[in-house]
Amino acid sequence: MQDVLGIVGGFGGYATLDFFARVLKKFASESERSYPHIIMDNDFSMPSRTRALLTGEGYADVVAAIASSMRFLVSRGGTSVRYIVLPCGTSHYFLPDVYRLVPEAEERVVHAIRLLGRELKAKGVENVLVIAAEGALKKHLYRDCLHEYDIAVSEPCAVEYQEIRRFIEYVKADAYPVDLAERFSAFLQKYEEKNVVLGCTEFPVLMRRLMERNDAPASDVCLWRGRRFYDPLTVVIDFLYANMA
């Protein structure tokens, strides 16, 4: 029986769409029948993860929504998924509480941040700047997880959260202002680190749009204006290909 991939959507439509398209590209072959069986649950009523982390408002609702989606994927039509992916970095913070509700999901979830930690450690990367949604930053989600792999993490300060939020919202709205490249470059110049983790899954979409505008070749681990960018979902896709192709 063919392995099944489950995707928990509803966190950001264009980021989820981007992940799905990249999976298809990675598994590309002469026949569509070679693609993995994919089940995606896109529930756009998913409460705000950032608000839940910043204020506690709706925290239990977020956990319940993710758990409901995973329960759906695990039991869908009697077809149990082998792997579950959450194309949202911030959502990983809720996983310990989700597993209490759906313990059978834990062995199936592909943990993007831990996979990234192993990848960075293997490449000898010791210091990174993480740009992510403010909830993930305030809770030090990436810092605490990557610390387990001996990677030092720098994070934008609170005064930058509003600008980060704008970058994310541009992708969610699929609307990109003409000065976006210069604004994003000016934002990055405030930090010394040359290795940047794209901790919010809207950022890889934004990066590819910027590179396309400048006729630069877009790659999953891309170089742009003197920095190297790492996308956790690229590592996830490589893992899926190695284990499902």
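As a reminder, the structure under discussion sits directly above these lines.
Residues numbered from 1 in each chain as written. Predicted model: local features only at pLDDT ≥ 70, side-chain atom pairs only at ≥ 80, totals over all residues. Heavy atoms only, no water.

> Just checking my understanding: could you explain the sheet that holds strand β6 (residues 195–198) for this structure?
Strands pair in a sheet through their backbones, by hydrogen bonds, and they do so in one of two ways: parallel or antiparallel. Spatially, β5-β4-β6-β8-β7 is the arrangement adopted by the five strands of the open sheet, whose pairing is mixed. Edge positions in the open sheet fall to β5 (152–154) and β7 (223–224), since each of these has one partner strand only. Pairing geometry for strand β4 (residues 127–131) and β6, over three bridges, is parallel. Among the inter-strand pairings, Ile-131 is bridged to a residue of β6, identified as Leu-198. (Pairing = 2+ DSSP bridges. Helix = DSSP H or I, 4+ residues; strand = E, 2+ residues; numbered from the N terminus.)

> Sorry, what's going on with the nonpolar core here?
Note that soluble globular proteins tend to have their nonpolar side chains buried in a common cluster. Ranked by internal contacts, the top residues of the largest apolar core, which has 63 residues, are Phe-184 and Leu-240. Of all hydrophobic cores here, the second largest spans 26 residues; its members include Val-63, Ala-67, Val-102 and Val-109. (Core = buried A, V, L, I, M, F, W, Y, C linked by side-chain atoms within 4.5 Å. Buried < 20%, exposed > 50% of the residue type's maximum accessible area, 1.4 Å probe, protein only.)

> Even after reading the chapter, I still don't get the layout of surface pockets, so can you show me in this structure?
Where empty space is left becomes clear once a probe the size of a water molecule has been rolled over the atoms. Empty space within the largest pocket amounts to approximately 350 Å³. Taken together, 21 residues form the lining of the largest pocket, with Thr-50, Ala-133, Ile-168, Glu-169 and Lys-172 sitting closest to its centre. For the lining of the largest pocket, the secondary-structure elements that each account for two or more residues are α2 (49–55) and α8 (161–173). Here the element with the most residues in the lining of the largest pocket is α8; it accounts for six residues. Here the lining of the largest pocket is composed, by residue class, of 10 nonpolar, five polar and six charged. Computed from the structure, the second largest pocket encloses a volume of approximately 260 Å³. Lining the second largest pocket we find 14 residues, and of these His-92, Pro-96, His-111, Arg-114 and Leu-141 sit closest to its centre. Going through the elements one at a time, α4 (95–101) and α7 (141–147) are the ones with two or more residues in the lining of the second largest pocket. (1 Å grid on protein atoms, 1.4 Å probe; cavity = no way out; pocket = protein on both sides within 12 Å on 5 of 7 lines; lining within 4 Å. Points joined across faces, edges and corners; volume = space filled by probe spheres on them. Nonpolar A, V, L, I, M, F, W, Y, C, P; charged D, E, K, R; others polar.)

> In this structure, what is going on with helix α10 (residues 202–213)? I would like to understand it.
Each α-helix winds once per 3.6 residues, and so residues spaced three or four apart point in a common direction. In this model, α10 (12 residues) spans 17 Å end to end at C-alpha, consistent with the 16 Å of a helix rising 1.5 Å per residue. Where burial is concerned, most of α10 is hidden: nine out of the 12 residues are buried. Listing the buried residues of α10 in full gives Glu-202, Phe-203, Pro-204, Val-205, Leu-206, Met-207, Arg-208, Leu-210 and Met-211. (Expected span 1.5 Å × (residues − 1).)

> I keep staring at the pairing of β6 and nothing clicks. Help me out?
The side chains of a regular strand alternate between both faces of the sheet. Examined bridge by bridge, β6 and strand β8 (residues 227–230) share three bridges and lie parallel to one another. Bridge pairing in β8 links Val-196 to Phe-229.

> Mind showing me how you'd approach the sheet that holds strand β3 (residues 83–85) here?
Spatial ordering of the open sheet is given by β2-β1-β3, a layout of three strands whose pairing is parallel. Looking at strand neighbours, the two that pair on one side only are β2 (37–41) and β3, the edges of this open sheet. Strand-to-strand, the axes of this sheet are offset by a mean angle of 20 degrees, without reference to chain direction. Both strand β1 (residues 4–8) and β2 contribute to a ladder of five bridges, which runs parallel. Bridging across to β2, Leu-5 finds its partner in Ile-38. (Axes fitted to C-alpha atoms, helices over the stretch in contact; angles between N-to-C directions.)

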